[in-house]
Amino acid sequence: MKSYLFIIFLFICSLGSSQTIGLANEPKPTDGLKLESFGYPVFLGGEQHASFRLSYPITNTFSADLSAFYDTYMLSNRFRSNILLKHYLDENWYLFSGMEAEYSIKKYPGLESQKQVPPRIGVVSGIGYEVNKNFQVEARGNFQINSSSVGAFGEPLIPIPQVYTLKGKLKF
């Protein structure tokens, strides 16, 4: 099953990169390495949430993104990281695909109920639309390819082998 999903992933990536779209101008300028980061304040109970995204344009229509998210909760800490390739179809629309890993970090090693589990590994793909430079929307699917008990978005009690999300990002 894992090799089947990996072959489909490679096929979609090669299919997307081999297509030529007849645009009058190049969609995105190559503007170099870009770093974005964000952190939420400390909430009640000591919860913290932080993220960063490192973007590098490979060509005018392709870019590579490395993202990471770190979340602390009352009983556990979560670290999620993904690496994505983006293919811009025009100025606003893009397709993306890549891999994601989510780790559950034991916060209290003495608790019997908190056993260290292997990370959740998933294939991520979807489509995005940049409304303007400060607002973007993405529809994505995340398909788990290993047998970890870590659920998507750190849910430990309900195993979630596949997740579909709609994400909006507002920069200010």
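Our structure is the block above this text.
Given the structure is predicted, the values throughout are model-derived calculations rather than measurements.

About the thresholds
- Residues numbered from 1 in each chain as written.
- Predicted model: local features only at pLDDT ≥ 70, side-chain atom pairs only at ≥ 80, totals over all residues.
- Heavy atoms only, no water.
- Phe/Tyr/Trp six-rings, centres within 6.5 Å; stacked < 30°, edge-to-face > 60°.
- Buried < 20%, exposed > 50% of the residue type's maximum accessible area, 1.4 Å probe, protein only.
- Lys NZ or Arg CZ within 6 Å of the ring centre and 35° of its normal.
- Helix = DSSP H or I, 4+ residues; strand = E, 2+ residues; numbered from the N terminus.

### Some words on the packing of aromatic side chains
At step 1: Here the structure, examined in full by the defined rule, presents 5 aromatic pairs.
At step 2: Here the aromatic rings of Tyr88 and Tyr94 are separated by 5.3 Å at their centres, their planes lie at 50 degrees, and the arrangement is tilted.
At step 3: Owing to a relative accessible area of 9%, Tyr88 belongs among the buried residues under this scheme.
At step 4: Judged by relative accessible area, which is 0%, Tyr94 ranks as buried.
At step 5: In this structure an aromatic cluster arises from ring pairing among Tyr88, Tyr94 and Phe96.
At step 6: Arg80 extends its terminal NZ or CZ atom over the ring of Phe69, reaching a point 4.3 Å from the ring centre.

### Some words on the environment of Phe62
At step 1: Relative to the elements of secondary structure, Phe62 occurs in strand β3 (residues 62-72).
At step 2: Distance from Phe62 to Leu85, taken between C-alpha atoms, is 7.0 Å for residues 23 residues apart in sequence.

None of this, on its own, says anything about what the molecule does.
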